[in-house]
Amino acid sequence: MAFAIEEINRDPALLPNITLGYRLYDNCVNLAVALRAATALISGEDDSVTDYSCTGTPPVLAIVGDPGSTNSIAVSRILGLFRVPMISYYATCACLSNRKKFPSFFRTIPSDAFQVKAMVQIIKHYGWTWVGVIASSDDYGQSAVKSFTEQIAHFGCISFSETLPSVNSKARILEIVKTIRRSTARVIVVFSPGAHFDPLVEEIVLQNITDRQWIASEAWTTSTVIQSKENFHSFGGTIGIAIRRGEIPGLETFLLQIQPTSNSNNNLLRQFWENIFDCKFQAKSNDLESNKICSGTEDIKSTKTSYSDVSELRASYNVYKAVYALAHSLHNLMSCEPGKGPFQNNSCADITTVQPWQLLHYLARVNFTTHYGDRVSFDENGDALAIYDVMNWQRADDGAVKTVTIGLYDESAPAGQQLSLNEDKIFWNFESNSPPRSVCSESCQPGTRKATRKGEPLCCFDCVPCAEGEISNHTDTIECFKCPPDFWSNPSRDQCVPKEIEFLSYKEPLGISLTTVSVFGGCISAAILFVFIYYRNTPVVRANNSELSFLLLLSLILCFLCSLLFIGQPLHLTCMLRHVVFGISFVLCISSILVKTIVVIMAFRATLPDNNVMKWFGAAQQRGTVFVFTVTQALICIVWLTVAPPLPLKNTQYQNSKIIFECNVGSITGFSCLLGYIGLLASVCFLLAFLARNLPDNFNEAKFITFSMLIFCAVWIAFIPAYVSSPGKYSDAVEIFAILASSFGLLIAIFMPKCYIILLQPEKNTKKALMGRAGLK
């Protein structure tokens, strides 16, 4: 402060013809002393004016200080009543930004609100979501913790929050250390002056607590007491926020000009000199430790101490800026043009009678740039522009601890660019030499969602896999999202993929097998038809109504081939054709068998005396009967297709992970009528054949028809429950199996015995043989 005032007084461009003076008070780190000093400054106690041209001016225009937040709060309340400007160079409590409570308070150090933002940005940058907080019990610590807790809640959680005792308490320190040991948080933030934090540091080092990443507030980032070789094992790699470092040209030369004096009021300087040079100005008779007498002419320029070290000017740089802010404000006040002033009637202030409230007006609007290139101004709350150096504790070559600047936080930078870090320069005090992980629960990977644990912070959660049909494609997703209707979740539940389409395909083993059997059955039927046509004039063929046999074989070929319509991807045409062809083919088949059965019964009746029934049921009537039965089924199909035809359907209800392509029957009534009509004809046919099975006639096919109908009915009765319970494509396979099984049953039971005689025992395929067998009976 003294150097800055002398520099200003020598500057002809700044406050020309004006000499600034100052008074210095020690607050003794005590609120009462600080208040007494402030009262003395504004009341003019012990005031003596040597330059009578300055009469009328108040004792003090402005105050630089206090460095502590608690003291500044109390002093500012008093100074605010008199509108006396106060510029603190180290009080950071965010509460001091309240303009209503502290209307005359300014500071050249950023508010804790900005410091907390910077620290939160560092924590967020490294993904630390689980942190501990330790703070001093004063306004500085408690206000910072409150702001930090609010901001960290946006992305992380507080593992623990402890308050340092204002008076050293061993028991309380041990409790805090126990909390640190028990916590799983690897990152600990400390808001405290170095003096309050030092007892805890000693205990942490004593108990050898390591593997913690410490985040330091500006109050102890550059503390030389804590930055010791002994503490480095536990606190090495500490990342801290530091006040912006500045350069003050000429300060080192100014500091080295001091000389001890015999003035008893300046005893502090004498003690300093004795410590530096390890001597005594006046040796006492009982002083055996030092025999060296201080001469006062020792060369202080040859010493290297923290006193003359101007390489890390931070708090001192803030004092320098505070003094210059007041000087520029006074200069602007002097430069006021009469009639254009800011006060009543556009008046200007008189430099010889200037009042603190007038200086306050100009101070709020001051704006200048220091020699170091930093702009100095105050916002509407009296806060300085927020800019911090980010520091890292590292070991120097000589084993000492040094702070290295690793980055910068500039609040005025564009969003997202306020924090800049030089990762290559950072020292991490871990075996991996990399940033630690500090999370309560590891991030939930895509495919899972976060499920909070009851009674625990939001950062402590379990990762629950997404349900089937739902996905999450980002880490730490709170909810899983359902896939679109035609999509399903992949096995890892992180992507929606098209659902598997399922239908009975010609390319799969089941489809190939059924196709082969269907074609084989059709070929066998065609072969038998060829045999019957070739041997159409033989007794066996003629005796069994060759025309109906031909029609029956033709219908069986259609029955075998209609099963092919049930294989392949369902289309609009195939869905309508499959049941129509199936229904008409089987009705043609069953009606042919039914007519054959009626013919057998009537043929037996015709052998009785005076019975001429066969003339009423000849070939024309037989063909007409088959036609009527078949047309009836055709009419049922036409009505069904007209009212509610079968259509292709994407079924996702049965199995959510698949799209089952199937044919929706449309009208259940139509489908039931189609099957019921076939069942009715089969039942009548079975009943008639069963009644005629023992008729004494060599041409009697009733027993073969009875067996074939028994197979047919058994197959289709078993088909119904199997069809209903079969999923997806297997329902079509069951229906094809029923078609093939019943068709093979009819083919084998009715035609295999005849083919056996025709092809393997031709000697029995004669009228004589047939009549002979009849005679035996």
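Residues numbered from 1 in each chain as written. Predicted model: local features only at pLDDT ≥ 70, side-chain atom pairs only at ≥ 80, totals over all residues. Heavy atoms only, no water.

Concerning the overall build of the protein
As a reminder, the rule being used: Helical segments are the DSSP runs of H or I of at least four residues, strand segments are the runs of E of at least two, and each set is numbered from the N terminus. Residue exposure (1.4 Å probe, protein chains only): buried if accessible area is under 20% of the type maximum, exposed if over 50%, otherwise partly exposed. Working rule for contacts: check all heavy atoms of both residues, and any pair within 4.5 Å makes them a contact. Accessible surface area values rest on a Shrake-Rupley calculation with a 1.4 Å probe, where residue burial reflects the displayed protein chains alone. Here Asp and Glu are counted as negative and Lys and Arg as positive; His is not counted, and neither are the chain ends. Lys charges are placed at NZ, Arg charges at CZ, Asp charges at CG and Glu charges at CD.
Summing up its helical and strand segments, the protein has 21 helices and 22 strands in all. Principal axes of the C-alpha set define a box for the protein whose edges measure 165 × 70 × 40 Å. Counting the 777 residues in the protein, one finds 47% classified as buried. Of all intrachain contacts in the protein linking residues separated by at least 6 positions in sequence, the fraction that spans at least 24 positions is 65%. Accessible surface, the protein: about 38700 Å² in total, of which carbon and sulfur atoms supply 57%. Here the protein contributes 63 positively and 65 negatively charged side chains, and the mean placements of these two sets differ by 19 Å.

A short note on the environment of Val 639
Relative to the helices and strands, Val 639 is located in helix 17 (residues 619-643). Along the backbone, Val 639 and Pro 16 are 623 residues apart, and their C-alpha atoms lie at a distance of 113 Å.

What to know about the pattern of salt bridges
Short version of the rule: Should a side-chain nitrogen of Lys or Arg be within 4 Å of a carboxyl oxygen of Asp or Glu, the pair is scored as a salt bridge.
By the definition in use, this model includes 16 salt bridges. One salt bridge in this structure joins Arg 172 and Glu 162, with 2.5 Å as the shortest N-O distance. Highlighted residues: Arg 172 in helix 6 (residues 170-182) and Glu 162 in strand 5 (residues 157-163), separated in sequence by 10 residues. Its relative accessible area of 24% is what places Arg 172 among the partly exposed residues.

Some words on helix 4 (residues 112-125)
Selection rule: For a helix, the expected span equals 1.5 Å multiplied by the residue count minus one. Polar contacts here mean pairs of N or O atoms no more than 3.5 Å apart (in protein, one a potential hydrogen donor and the other a potential acceptor; neighbouring residues in sequence count only if both atoms are side-chain atoms).
Taking 1.5 Å of rise per residue, the 14 residues of helix 4 would be expected to cover 20 Å, and the 19 Å separating its terminal C-alpha atoms lies within 8% of that figure. All of the buried residues along helix 4 are Asp 112, Phe 114, Gln 115, Val 116, Ala 118, Met 119, Val 120, Ile 122 and Ile 123. Its side-chain oxygen placed 3.0 Å from the backbone nitrogen of Ala 113, Ser 111 serves as the N-cap of helix 4. Directly beyond the C-terminal end of helix 4, a positive phi value near 70° is found at Gly 127.

As for the environment of Ala 195
Among the structural elements, Ala 195 can be located in helix 7 (residues 194-206). On a C-alpha basis, the gap between Ala 195 and Ser 166 in space is 9.9 Å, while along the polypeptide they are 29 residues apart.

Examining the confidence of the model for the protein
Note the following rule: Each residue carries a pLDDT score, the predictor's confidence in it, ranging from 0 to 100.
Averaged over every residue, the pLDDT of the protein is 86; residues scoring 70 or more account for 91%. Of the regions scoring below 50 in pLDDT, residues 773-777 engages in three contacts with residues more than four places distant in sequence or in other chains.

Some words on the packing of helix 6 against helix 7
This is how the line gets drawn: Angular values range over 0 to 180 degrees, each being the angle between N-to-C directions of two axes fitted as lines to C-alpha atoms, with helices fitted over their stretch in contact. Angle categories: roughly parallel below 35 degrees, roughly antiparallel above 145, roughly perpendicular from 65 to 115, and oblique for all the rest. We call a crossing left-handed when the near helix sits turned anticlockwise from the far one by less than a right angle, and right-handed when that turn is clockwise.
Across the interface, helix 6 lies against helix 7 with an axial gap of 10 Å and an inter-helix angle of 55°. Between helix 6 and helix 7, the angle falls in the class oblique. In this structure, helix 6 crosses over helix 7, and the sense of that crossing is right-handed. Contacts between helix 6 and helix 7 involve Lys 170, Ile 173, Leu 174, Ile 176, Val 177 and Ile 180 from the first element and Pro 199, Leu 200, Glu 203 and Ile 204 from the second.

Notes on the state of the cysteines
Rules: The criterion for a disulfide is a pair of cysteine sulfur atoms lying within 2.5 Å.
This model, assessed by the stated rule, comprises nine disulfides. For Cys 157, the disulfide goes to Cys 459, at an S-S distance of 2.2 Å. Here Cys 157 and Cys 459 share a disulfide; its torsion about the S-S bond, 90°, makes the bridge right-handed. Of the two residues, Cys 157 is situated in strand 5 and Cys 459 in the loop between strand 14 (448-452) and strand 15 (461-465); the sequence distance between them amounts to 302 residues. With a sulfur-sulfur separation of 1.9 Å, Cys 440 is cross-linked through a disulfide to Cys 460. Disulfide Cys 440 to Cys 460: torsion about the S-S bond roughly 105°, handedness right-handed. In this pair, Cys 440 sits in the loop between strand 13 (419-421) and strand 14 while Cys 460 sits in the loop between strand 14 and strand 15, placing the two residues 20 residues apart along the sequence. Taking the relative accessible area as the measure of exposure, Cys 440 reaches 21% and is therefore partly exposed.

As for the pairing of strand 4 (residues 130-135)
Every other side chain in a regular strand lies on the same face of the sheet, so the side chains alternate between the two faces. Keep this limit in mind: Two strands are said to pair when DSSP picks up at least two bridges between them. Assignment of crossover handedness uses the view with strands pointing away from the viewer, where a clockwise path from the first strand over the helix to the second indicates a right-handed crossover.
Counting buried positions along strand 4 gives six out of six residues, so the element sits mostly inside the fold. Note: strand 4 against strand 5, six bridges, orientation parallel. Across the sheet, residue Val 133 finds its bridge partner in strand 5, namely Ser 161. A crossover connection joins strand 4 to the parallel strand 5 through helix 5 (residues 139-152); in handedness this β-α-β unit is right-handed.

Some thoughts on the sheet that holds strand 1 (residues 63-64)
Taking strand neighbours across the sheet as the criterion, the three strands line up as 1-2-3 in an open arrangement whose pairing is parallel. Edge strands, defined here as strands with exactly one partner in the open sheet, are strand 1 and strand 3 (105-107). The pairing of strand 2 (residues 86-88) with strand 3 spans three bridges and is parallel. Across the sheet, residue Met 86 finds its bridge partner in strand 3, namely Phe 105.

A closer look at the nonpolar core
Definition in use: Here, nonpolar core means buried Ala, Val, Leu, Ile, Met, Phe, Trp, Tyr and Cys residues that are tied together by side-chain atoms lying within 4.5 Å of each other.
Counting residues in each nonpolar core, the largest one holds 57 residues, and the members touching the most others are Phe 582, Ile 593, Met 709, Phe 712, Trp 716 and Phe 751. Listed by contribution, the elements that provide at least two residues to this core are helix 13 (509-534), helix 14 (539-543), helix 15 (546-562), helix 16 (572-606), helix 17, helix 18 (668-691), helix 19 (702-725) and helix 20 (729-760). Once residues within four sequence positions are removed from consideration, Met 709 is found in contact with Ile 590, Ile 593, Ala 682, Cys 685, Phe 686 and Leu 746. Core analysis: the next-biggest nonpolar cluster, separate from the first, contains 34 residues, Phe 114, Val 133, Ala 144 and Leu 419 among them.

So, the side chain of Gln 213
Note on placement: Gln 213 falls in strand 7 (residues 213-216). Under the relative-accessibility criterion, Gln 213 is labelled buried at 1%. Within the structure, Gln 213 has its side chain in polar contact with the backbone oxygen of Gly 237 (distance 2.9 Å). Aside from chain neighbours lying at most four places away, what touches Gln 213 is Trp 128, Arg 186, Val 187, Ile 188, Gly 237, Thr 238, Ile 239, Trp 428, Phe 430 and Pro 436.

A few points about the packing of helix 4 against helix 5
Packed helices, taken two at a time, are described by the angle their axes make and the gap between the axes. The condition that has to hold: Each residue is assigned to one class: nonpolar for Ala, Val, Leu, Ile, Met, Phe, Trp, Tyr, Cys and Pro, charged for Asp, Glu, Lys and Arg, and polar for all the others, Gly among them.
As a packed pair, helix 4 and helix 5 sit with axes 9 Å apart at the nearest point and diverge in direction by 45°. Comparing their axes, helix 5 and helix 4 come out oblique. Where helix 4 crosses over helix 5, the two elements pack in a sense that is right-handed. On the side of helix 4, the interface is formed by Asp 112, Ala 113, Gln 115, Val 116, Lys 117, Val 120 and Ile 123, while helix 5 contributes Tyr 140, Ala 144, Ser 147, Phe 148, Gln 151 and Ile 152. Taken together, the residues of the contact of helix 4 with helix 5 break down into eight nonpolar, three polar and two charged.

Some points on the sheet that holds strand 21 (residues 647-651)
Pairing within the open sheet is mixed, and its three strands lie in the order 20-22-21. Of all strands in the sheet, those bounded by a partner on one side alone are strand 20 (500-502) and strand 21. Each strand axis lies, on average, 25° off the axis of its neighbour in the sheet, ignoring direction. Here five bridges tie strand 21 to strand 22 (residues 658-664), and the two strands are oriented antiparallel to one another. From the neighbouring strand, Asn 651 faces strand 22, where its bridge partner is Ile 660.

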